[in-house]
Number of protein chains: 2
Amino acid sequence: MFIELDGEGPRYAQLARGLKKAIQRGQLKAGSRLPATRTLAADLQLSRNTVLAAYETLCAERLALPMKGSGTYVAAEAPAAPLAPAAPGFPAQTRFAARLRALPRLALPVGQRRARYDLRYGESLIHPLLPGAWRRAMARATAADHWPHPLVAGLPALRRGIADYLARRRGVVCHADDVVVVGGAQQAVSLLARILLDEGDPVAVEDPGYPLAVHALLAHGAKLVPIPVDRDGLRIGDLAGRPIRAVYVTPSHQFPSGAVMSVERRQALLEHARAEGCWVLEDDYDGEFRHDASSIPALRSLDESGRVVYIGTFSKALFPGLRLGYVVCPPALRGDLLLAKRCDDLACSVMEQAALAELMADGGFDRHLRRVAGELRRRRRALLEGLRRHCARHLQWQDSRAGMHVVAWLDGWSSQALQALVDLALERHLGIHPIGPHYLAAPARPGLLLGYAGLSVSQLEVATRLLGTCLADASRMQATDGEVPAVHQAPALGAVATSNRHEPRRSPPLTRRASSRRRAT
Amino acid sequence: MFIELDGEGPRYAQLARGLKKAIQRGQLKAGSRLPATRTLAADLQLSRNTVLAAYETLCAERLALPMKGSGTYVAAEAPAAPLAPAAPGFPAQTRFAARLRALPRLALPVGQRRARYDLRYGESLIHPLLPGAWRRAMARATAADHWPHPLVAGLPALRRGIADYLARRRGVVCHADDVVVVGGAQQAVSLLARILLDEGDPVAVEDPGYPLAVHALLAHGAKLVPIPVDRDGLRIGDLAGRPIRAVYVTPSHQFPSGAVMSVERRQALLEHARAEGCWVLEDDYDGEFRHDASSIPALRSLDESGRVVYIGTFSKALFPGLRLGYVVCPPALRGDLLLAKRCDDLACSVMEQAALAELMADGGFDRHLRRVAGELRRRRRALLEGLRRHCARHLQWQDSRAGMHVVAWLDGWSSQALQALVDLALERHLGIHPIGPHYLAAPARPGLLLGYAGLSVSQLEVATRLLGTCLADASRMQATDGEVPAVHQAPALGAVATSNRHEPRRSPPLTRRASSRRRAT
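Every value quoted in this text rests on a predicted model; they were computed, and no experiment measured them.

*Asks:* I tried to follow the overall build of chain A on my own but got confused; where do I start?
*Replies:* Counting its secondary structure elements, chain A contains 16 helices and 16 strands. The buried share among the 521 residues of chain A stands at 62%. In the form shown here, chain A has an accessible surface area of approximately 19000 Å², with 52% of it arising from carbon and sulfur atoms.

Written out as structure tokens, the structure reads:
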């Protein structure tokens, strides 16, 4: 209990004045119970009689009421704590803050689903066995009699576990010393932006791309150089003649297009980085979940010039509320990265690191990944089977055999038609999400991001059937509206982009406009 | 298991080549067990016979060995993973990185104690009842069937708990919406630096002061304006005529001097902030632990112009491995702070927030604070009693009745004499820590930072007795060395600073040289 004693006159009167002030300021809320006299006396190191006398004074002034057998209460008409007003129009105090405010809007669909069947990307598959496994690991971690101080680079046991895991599962051979534990992939990108980019430095990013990484780069003043993505990933050739300091890529499973970067592109990118002396930020956000045997080695595992910074996260493999990830850092940058991490937040929380290290050491993490991968394969099959059965007339999809989502293209659909489809689906309890808002400079190709991690096999069967009827009805609606049926309509992509710009509310403009979808990293 | 299949020839041969490569690159370690054939087959979606055939090929090439009944092992002579070399001399890539490298050295005494009786500051009092209480709260938090997505501003239940706690215990009346949960006080300062300071902006800091906050400010390019501290805290008058963007203060218990800012100074500081339009970062790092009734209201609770940003942390009240803190943010800055937090790491981990919210809601946090405060009082009494009994001839201390440490001054001691005392004490298993390295520009006043949270009452009795004999012997040693006995020696403070500069190894130079002690925030 925080009470000011002003030091004037008898103690009980000081305390009564202090309590009165606390009531008037809303610190003690109307109708709430005053602390037990014994407790308050101990807190303030006063005698209990002093406290009793002060309470009596308050009651005499009708600021408090004694209740038989249950203590003393603040009178009901005392003022409540004021609601803090918002502050629109207050000027940004720094260039950083001004850039934050200028970031493209990001509608994060946090919290409950908007639709009963929501195919949104970013949902995790929380396997029914995970909560128990995590609880046990956490119990072991908190039972340890030595509660360690946090270390900047992370808990040694966890760094060893990560190095071991990366060698076994991702082909990335590194030493525990190369691993720096961070608070998720987002913090990795932010820290790296600070040690690799000055304001105005050009950075290549995938287009379409992952909006939250783009935000971190823009906030730090990077000049974005959007590079188109095709079915083999980032078009490395487009980098030629464009001096850049760094390139941010998701080669394992490009977000959002789903493309897997070909081996030739990987080699070309590494050669470019070596020759030009630029940095490659490899975000392997989905690398755990390949759904066939044909794995392609991570850029980091092919890198011989120490130019690749490898970024991984646990929030996709475990659960989004776990803010832990890691950076496998080239030796040249390690010292700077550690200094930047220490300046930022000293270190990550120790207990969760310890629980994760336990889970990695006893094989529980591998077992969990196997279970999730098996279930993801079943869900993916259900989605693809449903698409084949119900949606093949309107959708063309491309199966990257990785990750937690599939992109289905609606070539020829106008942005209006696409938005009508989304609205119609939502009316019918189906959530679908266009890929359009993820494009930066390139004209958006109309399509949907279909996440399958958050729905069960039977839910996916319903969802795809619903999607089929929505597609049919949306394209019919257009035809009866006197328009060319959507499926036959094929304007130039540039025209789609232009028409979008005239409809900012329904479909956001494409330039510098990032996602309305979230990828929990 | 990550294995590259190159797609040429039969599957078993592809797998054998992939495994061979993994062994050669150190991905599969010498002497380690190969995965069970069934597991690998499931992982790679191959038949078990294919895996068996591949293992046989490896054994035939002596790269692996079959062990009866326990599987197949990588041969012992396979190469191990290379240790990554350090990279000295690699140029900093950004101005931020260059500033990180130029930060004053910070010797963090992380890990085990250097001495059996270590009076260092930054140790937590882990009350014996805390691990159980935390474990139960964590179990309840992880048992909840809904594992929520992280929210940028923090878990609503925790924000409500913090607002309620601040009103009751710190006199800071705010709404849950004003509270932003961050990863400790360090992240609070870093985020605020980004939204309040451009490179080159002048910021006033306490001298002596808290080194890690100073680091965050310097890293962001702030121009430090060190302001001396006296027994009433920051000398507000010294701010006059020095245009600053912000001032960082620890008014409840100035770190490291222990001064409590007087009410007059507080009002003068708020008036200065209002008149000059500068920001006040109030770090209330020790505010929970006042050891008498005479609390002084937080700056935030007196602020009427919305210029005070209040920073708090749980790592001192609970344990240092818990990286959770909060900012009570003026409305004008709240939007920018949330954007900066999202860019930095999306949000804090959810489970620990939920556990803490549980602990705050069921009264466990208050009970814990009361227990710790009681024990801290006992330890403080033991320290002060020991100092009175054994050290009064040499030390002058100032009892601020708050926090977890006391400063004892050794006025007149040279830095050499002080260092000799520290060395002698360490030989006798006593860890003591000079305040000198915490000074920035002001000449260092010789003194010791005596932390009492990490030692029990009986340990403190031994420690103070040891300190008494060390003080006596160190001052006698000096006398027999032909020098004036330390206790009578009184050079100008400026001279002490100069002599320090010639002994960088034993006692670091004073300018821009921060702490060798840590304050877990």
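*Asks:* I tried to follow the confidence of the model for chain A on my own but got confused; where do I start?
*Replies:* In regions of low pLDDT, the predicted coordinates are not meant to be interpreted in detail. All names here are of chain A. Averaged over chain A, the pLDDT score is 84; the fraction of residues at 70 or greater is 87%. Within the model, the stretch residues 78–85 combines pLDDT values under 50 with 19 contacts to residues more than four positions away or in other chains. In this model, residues 482–521 is a region of pLDDT below 50 whose contacts with residues beyond four sequence positions or in other chains number 107 contacts. Interface scoring of the predicted complex returns ipTM 0.81; its pTM is 0.81.

*Asks:* Just to check I follow, could you spell out the relation of the copies chain B and chain A for this structure?
*Replies:* A rotation about some axis, followed by a shift along it, carries one copy of the chain onto the other. Here chain B sits on chain A after a turn of 180° about the axis and a move of 0.1 Å along it, with an RMSD of 0.1 Å. The operation mapping one copy onto its partner corresponds to a two-fold rotation axis. Both copies present the same face, since 100% of the interface residues in chain B are matched by interface residues at the equivalent positions in chain A.

*Asks:* I'm lost on the interface of chain B and chain A in this one. Help?
*Replies:* By a widespread convention, an interface's size corresponds to the accessible area lost as its parts come together. Contact residues are listed per partner, giving 112 residues for chain B and 112 residues for chain A. Three residues stand out in chain B for area buried against chain A, namely F2, W147 and H149 of chain B, and they jointly supply 8% of the buried area on that side. Here chain B is connected to chain A by 10 salt bridges. Here chain B and chain A share 30 residue pairs in polar contact (both at pLDDT 80 or more) between them. Ranked by residue count, the leading element in the side of chain B that touches chain A is helix 11 (residues 331–345) of chain B, at 11 residues. Class assignment of the residues belonging to the side of chain B that touches chain A gives a composition of 59 nonpolar, 22 polar and 31 charged.

*Asks:* Looking at this structure, how should I read the packing of aromatic side chains?
*Replies:* The relation between two aromatic rings is expressed through the spacing of the ring centres and the mutual angle of the planes. A complete count under the given rule lists 16 aromatic pairs over all chains for this structure. Considering the side-chain rings of F314 of chain B and F365 of chain B, the 5.7 Å spacing of their centres and the 70° angle between planes classify their relative orientation as edge-to-face. In this pair, F314 of chain B is assigned in the loop between strand 10 (308–313) and strand 11 (325–328) and F365 of chain B in helix 13 (residues 364–390), connecting sequence segments 51 residues apart. Owing to a relative accessible area of 2%, F314 of chain B belongs among the buried residues under this scheme. Grouping aromatic residues by their ring pairs yields a cluster made of Y121, Y210, F255 and Y285 of chain A. Positioned above the aromatic ring of W409 of chain A is the side chain of R445 of chain A, whose terminal nitrogen or guanidinium carbon lies 4.0 Å from the ring centre.

*Asks:* What am I meant to see in the sheet that holds strand 7 (residues 233–234) of chain A here?
*Replies:* Working definition: the strands of a sheet are paired by backbone hydrogen bonds and lie parallel or antiparallel to each other. Residue and element names in this part refer to chain A. Ordered in space as 4-11-10-9-8-5-6-7, the 8 strands form an open sheet in which the pairing is mixed. Edge strands, defined here as strands with exactly one partner in the open sheet, are strand 4 (179–182) and strand 7. Where strand 5 (residues 202–207) meets strand 8 (residues 246–249), 3 bridges bridge the pair, whose relative direction is parallel. Bridge pairing in strand 8 links A204 to V247. Packing of helix 8 (residues 211–219) onto the sheet brings it into contact with strand 5, strand 6 (223–230) and strand 8, and relative to strand 6 it is tilted by some 155°. With respect to the sheet, helix 11 (residues 331–345) is in contact with strand 4, strand 9 (279–283), strand 10 (308–313) and strand 11 (325–328), its orientation differing from that of strand 4 by roughly 25°.

*Asks:* Would you mind going over unusual backbone geometry with me for this structure?
*Replies:* If a residue is not glycine, its phi is most likely negative; likewise, a peptide bond is most likely trans. Note the cis peptide between D207 of chain A and P208 of chain A, where omega equals 0°. Checked against the element boundaries, P208 of chain A lands in the loop between strand 5 and helix 8. For the bond running from F255 of chain B to P256 of chain B, omega is 5°, close enough to zero to count as cis. Following the sequence through the fold, P256 of chain B ends up in the loop between strand 8 (246–249) and helix 9 (263–276). You will see that Q45 of chain B, though not glycine, has its phi angle at about 55°, which is positive. Since its relative accessible area comes to 40%, Q45 of chain B is described here as partly exposed.

*Asks:* Got a minute to help me understand the nonpolar core in this structure?
*Replies:* A general tendency of soluble globular proteins is for nonpolar side chains to be buried together. Core analysis: the biggest nonpolar cluster contains 258 residues, and W134 of chain A together with W134 of chain B have the highest contact counts within it. Apart from residues no more than four positions distant in its own chain, W134 of chain B is found in contact with T142, W147 and M351 of chain A together with L318, F319, L322, E352, A355, L356 and L359 of chain B.

*Asks:* What am I meant to see in the pairing of strand 2 (residues 71–74) of chain B here?
*Replies:* Walk down a regular strand and you will see the side chains alternate between the two sheet faces. Two strands pair when backbone bridges link them, and strand 1 (residues 64–67) of chain B and strand 2 of chain B are joined in this way by 4 bridges, in the antiparallel orientation. Each bridged residue has a counterpart across the sheet, and for L65 of chain B the counterpart in strand 2 of chain B is Y73 of chain B.

*Asks:* Where do I start with the sheet that holds strand 13 (residues 405–409) of chain B in this structure?
*Replies:* All names here are of chain B. The 4 strands are arranged 12-13-16-15 in an open sheet whose pairing can be described as antiparallel. Looking along the sheet, the strands with just one partner apiece sit at the ends: strand 12 (396–398) and strand 15 (433–434). Bridge count between strand 12 and strand 13: 3 bridges; the pairing is antiparallel. Counted as the bridge partner of W397 is A408 from strand 13. Docked against the sheet, helix 13 engages strand 12, strand 13 and strand 16 (447–451), running at close to 155° with respect to strand 12.

*Asks:* Looking at this model, I keep getting lost on the packing of helix 2 (residues 37–44) of chain A against helix 3 (residues 48–60) of chain A. Mind explaining?
*Replies:* In a packed pair of helices, the relevant descriptors are the angle between the two axes and the axis-to-axis distance. All names here are of chain A. Packing of helix 2 against helix 3 brings their axes to within 8 Å, and their N-to-C directions diverge by 120°. In this structure, helix 2 crosses over helix 3, and the sense of that crossing is right-handed. Contacts from T37, R38, L40 and A41 in helix 2 reach R48, V51, L52 and Y55 in helix 3. Along the lines of polarity and charge, the residues of the contact of helix 2 with helix 3 split into 5 nonpolar, 1 polar and 2 charged.

*Asks:* Please clarify how the pattern of salt bridges should be interpreted in this entry.
*Replies:* A side chain with one charge may pair with a side chain of the opposite charge, provided their charged atoms come close. Residue and element names in this part refer to chain B. With the rule as written, the count across this model stands at 52 salt bridges over all chains. Here D411 and R445 are joined by a salt bridge, their closest N and O atoms 3.0 Å apart. In this pair, D411 is assigned in the loop between strand 13 and helix 14 (415–427) and R445 in the loop between strand 15 and strand 16, connecting sequence segments 34 residues apart. Its relative accessible area of 28% is what places R445 among the partly exposed residues.

*Asks:* Looking at this structure, how should I read the environment of V327 of chain B?
*Replies:* Residues and elements named next belong to chain B. Structurally, V327 can be placed in strand 11. The sequence separation of V327 and P226 amounts to 101 residues, and the corresponding C-alpha distance is 24 Å. Once residues lying within four places of it in the same chain are set aside, the contact partners of V327 are D178, V179, V180, V182, A188, V309, Y310 and L337.

*Asks:* How should the state of the cysteines be read in this particular structure?
*Replies:* Applying the stated criterion to the full structure yields 0 disulfides over all chains. Of all cysteine sulfurs in the structure, the one in C470 of chain A sits closest to C391 of chain A, which takes part in no disulfide; the separation is 9.2 Å.

So, how was this worked out
Residues numbered from 1 in each chain as written. Chains lettered and ligands numbered in written order. Predicted model: local features only at pLDDT ≥ 70, side-chain atom pairs only at ≥ 80, totals over all residues. Heavy atoms only, no water. Helix = DSSP H or I, 4+ residues; strand = E, 2+ residues; numbered from the N terminus. Buried < 20%, exposed > 50% of the residue type's maximum accessible area, 1.4 Å probe, protein only. Areas by Shrake-Rupley, 256 points an atom, 1.4 Å probe, with all protein chains shown as cover. pLDDT = per-residue confidence, 0-100. Contact = heavy atoms within 4.5 Å. Least-squares fit on C-alpha atoms with pLDDT ≥ 70 in both. Buried area = accessible area lost by both parts, 1.4 Å probe. Salt bridge = Lys/Arg side-chain N within 4 Å of Asp/Glu carboxyl O. Polar contact = N/O pair within 3.5 Å; in protein donor to acceptor, adjacent residues only side chain to side chain. Nonpolar A, V, L, I, M, F, W, Y, C, P; charged D, E, K, R; others polar. Phe/Tyr/Trp six-rings, centres within 6.5 Å; stacked < 30°, edge-to-face > 60°. Lys NZ or Arg CZ within 6 Å of the ring centre and 35° of its normal. Pairing = 2+ DSSP bridges. Axes fitted to C-alpha atoms, helices over the stretch in contact; angles between N-to-C directions. Core = buried A, V, L, I, M, F, W, Y, C linked by side-chain atoms within 4.5 Å. Left-handed = near helix turned anticlockwise from the far one by under 90°. Disulfide = S-S within 2.5 Å.

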